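Fold and geometry: a report
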Amino acid sequence: MRTPELYNETHQSRTAPPTAYESLLGDSIERAFAQGIHDLAGLVAYLNTAGPAGPNGQPWTEQSYCQEMARLGA
């Protein structure tokens, strides 16, 4: 018996299109990864240099990054 192939549709769990902020943040994170930045401290430093700004326009901290990722992933 053959097991059916599973298909994961891109963005299948989204309830709405990404906001401009979410798109900018995702793009910036992807650029950081492409530059070989894979640690939290390095990513936070990159975001503070390249943007976008953290929540409420504040600089990113490791704590604010983790909180924002949890909020966006909820």
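Just so it is clear, the structure is predicted and the values come from calculations on it, not from any experiment. (Residues numbered from 1 in each chain as written. Predicted model: local features only at pLDDT ≥ 70, side-chain atom pairs only at ≥ 80, totals over all residues. Heavy atoms only, no water.)

1. Here we look at the side chain of E68
Along the chain, E68 falls in helix 3 (residues 62-73). Given a relative accessible area of 6%, E68 falls into the buried group. Among residues more than four places away in sequence, those in contact with E68 are Y21, P55 and W60. (Helix = DSSP H or I, 4+ residues; strand = E, 2+ residues; numbered from the N terminus. Buried < 20%, exposed > 50% of the residue type's maximum accessible area, 1.4 Å probe, protein only. Contact = heavy atoms within 4.5 Å.)

2. Topic: helix 2 (residues 40-50)
Looking at helix 2, one finds that the buried residues are G42, L43, V44, Y46 and L47. One or two residues past the end of helix 2 sits G51, with phi positive at roughly 85°.

3. A look at the packing of aromatic side chains
Counted according to the given criterion, the structure contains one aromatic pair. Here W60 and Y65 contribute two aromatic rings whose centre-to-centre distance is 6.0 Å and whose plane-to-plane angle is 65°, an arrangement assigned as edge-to-face. (Phe/Tyr/Trp six-rings, centres within 6.5 Å; stacked < 30°, edge-to-face > 60°.)

4. Considering the pattern of salt bridges
Counting across every chain of the model gives one salt bridge. One salt bridge connects E68 with R71, and the closest N-O pair in it is separated by 2.9 Å. Placement of the pair is E68 and R71 together in helix 3, with a separation of three residues, close to one helical turn. (Salt bridge = Lys/Arg side-chain N within 4 Å of Asp/Glu carboxyl O.)

5. Re the environment of A53
Mapped onto the elements, A53 comes out in the loop between helix 2 and helix 3. The exposure class assigned to A53 is partly exposed, which follows from its relative accessible area of 42%. Spatially, the C-alpha atom of A53 lies 8.8 Å from that of L25, the residues being 28 residues apart in sequence. With residues up to four places along the chain from it excluded, the contact list for A53 reads Y21, Q58 and W60.

6. Topic: the confidence of the model for the protein chain
Averaged over every residue, the pLDDT of the protein chain is 90; residues scoring 70 or more account for 86%. When the elements of the protein chain are averaged for pLDDT, helix 3 gives the smallest value, 95, and helix 2 the largest, 98. (pLDDT = per-residue confidence, 0-100.)

7. Some details on unusual backbone geometry
At the junction of G51 and P52, the peptide bond is cis and its omega measures out at 0° in the coordinates. Inspection of the secondary structure assignment puts P52 in the loop between helix 2 and helix 3.

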